[in-house]
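Descriptive analysis of the structure
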Amino acid sequence: MSIRPILIHPDPRLKKLCDPVSAVTSDIGKLAEDMLETMYDAPGVGLAAPQVGITKRIFVMDCVKEDGEAPRPMVLINPEIIAASDEMNTYEEGCLSIPEQYGEVTRPKLVTMRWMGLDGKTHEDAFDDLWSTCAQHELDHLNGKLFIDHLGSIKRQLITRKMVKLKRERARA
Ligand code: NI
């Protein structure tokens, strides 16, 4: 396993509609392992393949936060939402590609997703609260959408300018 560099917004690879994964090859298995390691190292609760420069429909997440609770790493390939609650939830979201910036995003409180697992089989599960928000945030990434695209244009532009500055500073360092 290895930690991969995380792309920082703005980057054209973060704006792309990602391609479906046709089969779980050893490359996909390696990518998923690296993504989990990269996510835990960051640390974060979710990471999508385009964030490490791979424009394929795959994301990882683990929203277990309570101390002492066992990690629950999940790998979702070609995920889709098959049901969403009318009830909404607002969370202050952040993103590993937009470090230290946060914004309130309202999304369905409960979603049911279907995806292909690393076992090549179809899985289905319902996600609530933080898991639901995280899964929807990561699915957005696969469609070239960031959480700041849910914010007003003034806040979005402000955050984007900060990221341009951050990238400039990092390039100089
Ligand atoms: Ni993100």
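The protein chain has the name Peptide deformylase in an unreviewed UniProt entry, where Roseinatronobacter domitianus is given as its organism. According to the UniProt record, the Catalytic activity (unreviewed entry) comment for the protein chain reads "N-terminal N-formyl-L-methionyl-[peptide] + H2O = N-terminal L-methionyl-[peptide] + formate". Here the protein chain is described in UniProt, under the heading Function (unreviewed entry), as follows: "Removes the formyl group from the N-terminal Met of newly synthesized proteins. Requires at least a dipeptide for an efficient rate of reaction. N-terminal L-methionine is a prerequisite for activity but the enzyme has broad specificity at other positions."

For the protein chain, the count of helices and strands is three helices and seven strands. Ordered by position in the sequence, the α and β elements of the protein chain form the string α-β-β-β-β-β-β-β-α-α. Against the globule reference of 16 Å for 173 residues, the protein chain gives a C-alpha radius of gyration of 16 Å, in line with a compact fold. Principal-axis analysis of the C-alpha atoms places the extent of the protein chain at approximately 45 × 40 × 35 Å. Counting only residues that meet the buried cut, the protein chain has 44% of its 173 residues in that class. For the protein chain, contacts bridging at least 24 residues in sequence account for 66% of all contacts bridging at least 6. Accessible surface computed for the protein chain: about 9200 Å², of which carbon and sulfur atoms make up 51%. Across the protein chain, the 23 positively charged side chains and the 27 negatively charged ones have centroids separated by 10 Å.

Moving on: the pairing of strand β4 (residues 88-95). Summarising the sheet, β4 and strand β5 (residues 98-108) pair through seven bridges and their orientation is antiparallel. The partner of M88 across the bridge, within β5, is P108. Here β4 folds back onto β5, and the loop between the two strands holds two residues.

Looking now at the pattern of salt bridges. The full count for this structure, using the stated rule, is 11 salt bridges. Taking the shortest distance from any N to any O, the salt bridge between D11 and R13 comes out at 3.0 Å. Classification of D11 as buried rests on a relative accessible area of 11%. On the accessibility criterion, R13 (37% relative accessible area) is partly exposed.

Bringing the UniProt feature "active site" (unreviewed entry) in the protein chain into the picture now. Annotation from UniProt places "active site" (unreviewed entry) at E138. If you trace the backbone, E138 turns up in helix α2 (residues 129-142). A relative accessible area of 3% means that E138 is categorised as buried. For E138, the residues in contact, after removing those within four places along its chain, are G46, L47, A48, Q51, F59 and V60.

Next up on the list: the environment of Y40. Looking at the secondary structure, you find Y40 in helix α1 (residues 26-41). A residue is classified by how much of its surface remains accessible, and Y40, at 36% relative accessible area, is partly exposed. Ignoring sequence-local partners within four residues, the contact set of Y40 consists of D62, P71, R72 and P73.

Conventions used here
- Position numbers for residues count from 1 along each chain, tracking the sequence in the order it is written.
- Residues qualify for local features only when their pLDDT is at least 70, as the model is predicted, and side-chain atom pairs are given and counted only at 80 or more; totals for whole chains, interfaces and linings, by contrast, use all residues.
- Note that water and hydrogens are dropped before the side-chain values are worked out from all heavy atoms of the structure.
- UniProt positions are given in the numbering used here, feature names are shortened, and annotations may be inferred rather than shown by experiment.
- Helix numbering and strand numbering both begin at the N terminus, where a helix is a DSSP run of H or I of at least 4 residues and a strand a DSSP run of E of at least 2.
- Each radius of gyration is computed over the set of C-alpha atoms, and the globule rule expresses the reference value as 2.2 Å times the number of residues to the power 0.38.
- Exposure is judged per residue with a 1.4 Å probe applied to protein chains only, and the accessible area is read against the type maximum: over 50% gives exposed, under 20% gives buried, and values in between give partly exposed.
- Any two residues whose heavy atoms approach within 4.5 Å at even a single point are treated as in contact.
- In short, Shrake-Rupley with a 1.4 Å probe defines the accessible areas, and a residue's cover is counted only from the protein chains shown.
- Charge counting treats Lys and Arg as positive and Asp and Glu as negative, with His and both chain ends excluded.
- For the purpose of locating charges, the reference atoms are NZ of Lys, CZ of Arg, CG of Asp and CD of Glu.
- The pairing criterion for strands is at least two bridges between them, as found by DSSP.
- Salt bridge, as used here: a side-chain nitrogen of Lys or Arg that lies within 4 Å of a carboxyl oxygen of Asp or Glu.

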